[in-house]
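Here is what each chain is made of, one letter per residue.
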Amino acid sequence: MTYILRLDTSPRGINSISRRLADKVQDHLLSLTPSLALRVRDLSSAELPHISEDTISGFYAEPQAMTDKLQAATALSDELIAELNGANSLIISAPIYNFGVPSSLKAWIDQIVRINQTFSFDGHSFTGLVPFNKAVLVLSYGANGYTNNGDLASMDFLGPYLISLLQFLGIDDVRTIQIEGTTGDPDLLNDAMLQASNSVSRLFIEENK
Ligand SMILES: Cc1cc2nc3c(=O)[nH]c(=O)nc-3n(C[C@H](O)[C@H](O)[C@H](O)COP(=O)(O)O)c2cc1C
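Residues numbered from 1 in each chain as written. Predicted model: local features only at pLDDT ≥ 70, side-chain atom pairs only at ≥ 80, totals over all residues. Heavy atoms only, no water.

Draft legend 1. Representation of the packing of helix α3 (residues 68–85) against helix α4 (residues 103–112) in the model. In the contact formed by α3 and α4, the axes pass within 8 Å of each other and the chain directions differ by 95°. On the basis of their axis angle, the class for α3 and α4 is roughly perpendicular. Taken together, the residues of α4 that come into contact with α3 (itself represented by Leu 76, Ser 77, Leu 80, Ile 81 and Leu 84) are Trp 108, Gln 111 and Ile 112. Looking at side-chain class alone, the contact of α3 with α4 contains six nonpolar, two polar and no charged residues. (Axes fitted to C-alpha atoms, helices over the stretch in contact; angles between N-to-C directions. Helix = DSSP H or I, 4+ residues; strand = E, 2+ residues; numbered from the N terminus. Parallel < 35°, antiparallel > 145°, perpendicular 65-115°, else oblique. Contact = heavy atoms within 4.5 Å. Nonpolar A, V, L, I, M, F, W, Y, C, P; charged D, E, K, R; others polar.)

Draft legend 2. The arrangement of the pairing of strand β1 (residues 3–8) in detail. Of all six residues that make up β1, six are buried, and the element is covered over most of its length. With burial as the criterion, each face of β1 is covered, one bearing Tyr 3, Leu 5 and Leu 7 and the other bearing Ile 4, Arg 6 and Asp 8. Relative to strand β3 (residues 87–95), β1 is paired through six bridges, and the arrangement is parallel. Bridged to Asp 8 within β3 is Ser 93. (Buried < 20%, exposed > 50% of the residue type's maximum accessible area, 1.4 Å probe, protein only. Pairing = 2+ DSSP bridges.)

Draft legend 3. Layout of the site of the ligand. The full set close to the ligand counts 17 residues, and Ser 10, Ser 16, Ser 18, Ile 96 and Thr 182 are the nearest of them. Side-chain polar atom of Ser 16 to an oxygen atom of the ligand: 2.7 Å apart, as the coordinates give it. For the shell around the ligand, the per-class residue count stands at eight nonpolar, eight polar and one charged. (Near = heavy atom within 4 Å. Polar contact = N/O pair within 3.5 Å; in protein donor to acceptor, adjacent residues only side chain to side chain.)

Draft legend 4. Highlighting the sheet that holds strand β2 (residues 37–42). Here five strands make up an open sheet; going across it, the order is β2-β1-β3-β6-β7 and the pairing parallel. Edge positions in the open sheet fall to β2 and β7 (173–179), since each of these has one partner strand only. Direction aside, the axes of adjacent strands within the sheet are offset by 15° on average. Of the pairings in the sheet, the one linking β3 to strand β6 (residues 134–140) comprises six bridges and is parallel in character. Within β6, the position partnered with Ile 92 by the bridge is Leu 137.

Draft legend 5. Molecular detail of the nonpolar core. One finds Leu 90, Leu 105 and Trp 108 to be the most contacted residues of the largest nonpolar core, which totals 33 residues. When contributions to this core are tallied by element, the ones reaching two or more residues are β1, α3, β3, α4, β6 and α5 (159–168). Looking at this core, the element that brings in the most residues is α4, giving five residues. If sequence neighbours within four positions are ignored, Leu 90 has contacts with Leu 5, Leu 7, Leu 84, Phe 132, Lys 134, Ala 135, Val 136, Leu 166 and Ile 171. Ala 22, Val 136, Leu 203 and Phe 204 belong to the second largest nonpolar core, which has 19 residues in total. (Core = buried A, V, L, I, M, F, W, Y, C linked by side-chain atoms within 4.5 Å.)

Draft legend 6. Region of interest: helix α1 (residues 17–32). With 16 residues, α1 extends 23 Å from end C-alpha to end C-alpha; this agrees with the ideal 22 Å at 1.5 Å per step. When we look at burial in α1, the residues that qualify are Ile 17, Ser 18, Arg 19, Leu 21, Ala 22, Val 25, Gln 26, His 28 and Leu 29. Its buried side turned inward, α1 meets β1, β2, β3, β6, β7 and α6 (186–202). (Expected span 1.5 Å × (residues − 1).)

Draft legend 7. Fine view of the packing of α1 against α6. As a packed pair, α1 and α6 sit with axes 9 Å apart at the nearest point and diverge in direction by 25°. The orientation of α1 relative to α6 falls into the category roughly parallel. Along this stretch, α1 crosses α6, giving a crossing that reads as right-handed. Every residue of α6 that contacts α1 at Ile 17, Arg 20, Leu 21, Lys 24, Val 25 and His 28 is listed here: Leu 189, Met 193, Ala 196, Ser 197, Val 200, Ser 201 and Arg 202. Its residues placed into classes, the contact of α1 with α6 shows seven nonpolar, three polar and three charged. (Left-handed = near helix turned anticlockwise from the far one by under 90°.)

Structure below.
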């Protein structure tokens, strides 16, 4: 049975706003396609190792040059890529950390972006090889000003980066649920949660009519 792959990154458990919104996205996607299963990977609690020199050598080695050492160094990447390629769609929930992706998510990215596995290069251009095309990013920002061309828009290295990266891998249809001002006024945050939840309920509705 094919599944939605969900990656969570906030270490804040049930207090996490990005996770709470991702729960809604998950429920919504499962209600649109009840035959789908769900696979969740919590990147904040089961931290992935950074890639090593051997991992990089293994990524670029010809099959006949794969020693036991290189195989061991790329085994986790193999597993994560198989998990990604087996999915029907992807949900990533992430807070902005220091204007970019949490390092737990970056560790996953460094393991799965791999030549001839998730992208190829023919000497002129790159082609994404991930075999499904839908993803939802659920992104939370402590400050206001990232959306609608606000003061902080040029400092958003989370959303634009993840969209470009997923598209590079061949996942063309990337939707984003964003919530900002999460560390500000609680009343405004409630309003923002409501608005974000409404956006969730509209996701992929047109395609399912
Ligand atoms: C280490 C750290 C770095 C952060 N950096 C930023 C930042 O660059 N910009 C911002 O708007 N908020 C920043 N925040 C606030 C979080 O992005 C915000 O609280 C977010 O809603 C947390 O998501 P969560 O509730 O899912 O954990 C930072 C928080 C932490 C803990």
